[in-house]
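Fold and contact review
One-letter residues, chain by chain:
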2 protein chains.
Amino acid sequence: MPPDTKDKIVYAAMMLFAQKGYGSTSVADILHAAGVNAGSLYYFFPGKQDVLLAVLDAYLRGIHPMLLEPAWKGVADPIERVFALLAQYRRALESTECTYGCPIGSIALELHEPDPAVRQLLASNFVGWLNAIEQCFIEAGDRLPADVDRRALAVFALTTMEGGVMISRTDRTLHAFDDAVRMLRDYVNRLQHAGR
Amino acid sequence: MPPDTKDKIVYAAMMLFAQKGYGSTSVADILHAAGVNAGSLYYFFPGKQDVLLAVLDAYLRGIHPMLLEPAWKGVADPIERVFALLAQYRRALESTECTYGCPIGSIALELHEPDPAVRQLLASNFVGWLNAIEQCFIEAGDRLPADVDRRALAVFALTTMEGGVMISRTDRTLHAFDDAVRMLRDYVNRLQHAGR
DNA sequence: GTCTATAACCCGATAGAC
DNA sequence: GTCTATCGGGTTATAGAC
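Report follows, based on the coordinates. What you are looking at is a predicted structure, and each value in this text was computed from that prediction instead of being measured.

All right, on to the side chain of Gln88(B) then. All names here are of chain B. Secondary-structure assignment places Gln88 in helix H5 (residues 78-94). On the accessibility criterion, Gln88 (18% relative accessible area) is buried. Ignoring any residue separated from it by four or fewer positions in sequence, one finds Gln88 in contact with Leu67, Pro70 and Ala71.

Here is the structure:
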C-alpha cells in the first residue's frame, strides 16, 4: 500500500514547517517536496492553513507512538522518564547543530494571531505533553512531597525544555539547554530528599 | 527636538515586530506606522533586515533603562529583583490578554535560519538579560549554597520566563506562566533554606 | 533627505482539460 | 484525482524628480 497523496503532502509539510517555519514555507515548497501538483493539494485541502491543521493533528496523534514511546524505551522509572524525554529533545538539537527544536513551540511563537482552530490544536499538543508528564509525577507517588503540585511540575518541565531549546537554538550551543535541565534535575532531587 | 525619521522607523518597526512578528510585518506596514515614505526608509537602511538589526540593537541598549530599571524600582533585594522582573513580563501578558510576550524570544523562534548578524544580536540580548540576573544571584551571596551555579540559575530563570510566555500565549491564560514561576520560586526558596 | 511611481518577483489560490 | 497554465494581489526594493 503506497502512501497516498494526502499523506505525502502532510508529511512533506511537517518536515518543512519544522525546518523553515510555516510562513517561510510556500505551497510550492510543499508540492516540490511531496512530488505532487498544485491541483492535488487543493483537491484535498481548502488552503495552506488547512495543511497546517492536518500537520498539527498528526503531531497530536503522534505524541505517544512517535514521541513518548521511543523516548521511554527501556525506562520504567516515572521520574527518569521525564528526563529521558528531555534527553530526546537534546539529541534532536545535537544532531542538527542546535537547529531543530520543538516544532510546536516554534509555530506557537511564530504565529502571533493564529486562527482559533490552529491555536486550539497547538494548545492541545501542549496539553497532551503535559498530561503525560504530569502522569509521571503522579506515578512517582510519595517520592515527591504530597503538597507539590504535579501539574505545575509538569508545566515547569515543559518551560524548561521549550526555553532551553529557544536559547540553545539561538546561540547554537547546548549550554543553555543543559544548564536548564541540570537545574530542573537538581530541583526534583531536592524535592525527593525533602522531608526524609 | 522632534524625533528624526530614522528613529521613527525603528520605533514603528519595534512595535510591529513585537505585535505581528518580523515576517508578517511588511515594509509598507512600517512606512504607514511611522508616517514615512519608502524613499526615506531605503535612504537610511539597505533593506528590511537592516531595520530588524536596528530594532534588536535598540532592545539591547534598552535592557537596563527600559526593562530592568522599571522592573526594579523600589526593589533592592537581589532575589526579589529576579521575581520582580518576571512579574513585569506577567503584567505585559496580562495587559494584552496573553498576546504580548518577549519579543526577542518570538523573533528567535520565528527565524529558523537567521542571518548571522541577526542571530548574533538575538544572542547578545539573551546574554545581557542573563548577565543581569546572574548578577542578582551572585549578590545573593551565601543566601544560596556555594555550590549552586549562579549562571545556570539565571538560565533557568530565563527558560522559565520564555517557556511560560510561550504556553500562556498559546492558551491565552496566565496559568502556565504562574505555575512555572511558582515552581521556580519554590526551588529558590528551598535553595535558600538548604544547609541551614 | 523626501517624494511618487513602478519594476521585478513570489505568493496562495483557481480554472478547466483530462 | 491529477495535471498545466495562469490570475490577482502583495512583497521588497529601485529609479529618478524634487
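Right, let's talk about the pattern of salt bridges for a bit. Following the criterion strictly, the structure yields 19 salt bridges over all chains and no others. Overlapping salt bridges, with partners in common, bring together Arg90(A), Glu94(A) and Asp178(A) in one network.

With that out of the way, let us pick up the protein's contact with DNA strand C. By nearness alone, 13 residues border DNA strand C, and Val27(A), Lys48(A), Thr5(B), Asn37(B) and Gly39(B) come closest of all. Within 4 Å of the protein, the contacting atoms of DNA strand C are drawn from sugar and phosphate to the extent of 69%. Between Val27(A) and DNA strand C, the recorded distance is 2.7 Å, taken from a backbone N or O atom to a phosphate oxygen. The side chain of Thr5(B) places a nitrogen or oxygen atom 2.8 Å from a phosphate oxygen of DNA strand C. Among the elements of the structure, helix H3 (38-44) of chain A together with helix H3 (38-44) of chain B are those that each provide at least two residues to the surface near DNA strand C. Ranked by residue count, the leading element in the surface near DNA strand C is H3(B), at four residues. Taken together, the residues of the surface near DNA strand C break down into five nonpolar, seven polar and one charged.

Turning next to the protein's contact with DNA strand D. Lining the immediate environment of DNA strand D, one finds 13 residues, of which Thr5(A), Asn37(A), Gly39(A), Val27(B) and Lys48(B) sit closest. Near the protein, within 4 Å, the atoms of DNA strand D are sugar or phosphate in 70% of cases. Asn37(A) is positioned with one of its side-chain polar atoms (N or O) 2.7 Å from a phosphate oxygen of DNA strand D. A distance of 2.9 Å separates a phosphate oxygen of DNA strand D from a polar backbone atom of Val27(B).

A few words on unusual backbone geometry. Even without glycine at this site, Arg172(A) takes up a positive phi of about 55°. By secondary structure assignment, the location of Arg172(A) is in the loop between helix H8 (150-171) and helix H9 (175-193). Classification of Arg172(A) by relative accessible area gives partly exposed; the value is 31%. At Glu97(B), a residue that is not glycine, the phi angle is positive and equals roughly 50°. Its location among the elements puts Glu97(B) in the loop between H5 and helix H6 (103-110). Overall, Glu97(B) belongs to the exposed group, its relative accessible area being 64%.

Quick look at the environment of Gly23(B) now. Along the chain, the position of Gly23(B) falls in the loop between helix H1 (5-20) and helix H2 (27-34). Residues within four places of Gly23(B) in sequence aside, it is in contact with Lys48(B) and Glu110(B).

We now examine the relation of the copies chain B and chain A. The transformation that overlays chain B on chain A combines an axial shift of 0.0 Å with a rotation of 180°, and the residual RMSD is 0.0 Å. Overall, the copies show the geometry of a two-fold rotation axis. By residue overlap, the copies meet face to face through one surface: 100% of the interface positions of chain B are interface positions in chain A.

We now examine the interface of chain B and chain A. Contacts between chain B and chain A engage 46 residues on the former and 46 residues on the latter. Counting each side, the surface lost to burial between chain B and chain A is near 4100 Å², with a carbon and sulfur contribution of 67%. Applying the counting rule to chain B against chain A returns one salt bridge. Where chain B meets chain A, there are 10 residue pairs in polar contact (both at pLDDT 80 or more). Elements with a contribution of two residues or more to the side of chain B that touches chain A: H1, H6, helix H7 (116-139), helix H8 (150-171) and helix H9 (175-193) of chain B. Examining the composition of the side of chain B that touches chain A, we find that 15 residues originate from one element, H8(B), more than from any other. Counted by class, the side of chain B that touches chain A contains 24 nonpolar, 10 polar and 12 charged residues.

Thresholds, definitions, all that
- Residues numbered from 1 in each chain as written.
- Chains lettered and ligands numbered in written order.
- Predicted model: local features only at pLDDT ≥ 70, side-chain atom pairs only at ≥ 80, totals over all residues.
- Heavy atoms only, no water.
- Helix = DSSP H or I, 4+ residues; strand = E, 2+ residues; numbered from the N terminus.
- Buried < 20%, exposed > 50% of the residue type's maximum accessible area, 1.4 Å probe, protein only.
- Contact = heavy atoms within 4.5 Å.
- Salt bridge = Lys/Arg side-chain N within 4 Å of Asp/Glu carboxyl O.
- Near = heavy atom within 4 Å.
- Polar contact = N/O pair within 3.5 Å; in protein donor to acceptor, adjacent residues only side chain to side chain.
- Nonpolar A, V, L, I, M, F, W, Y, C, P; charged D, E, K, R; others polar.
- Least-squares fit on C-alpha atoms with pLDDT ≥ 70 in both.
- Buried area = accessible area lost by both parts, 1.4 Å probe.

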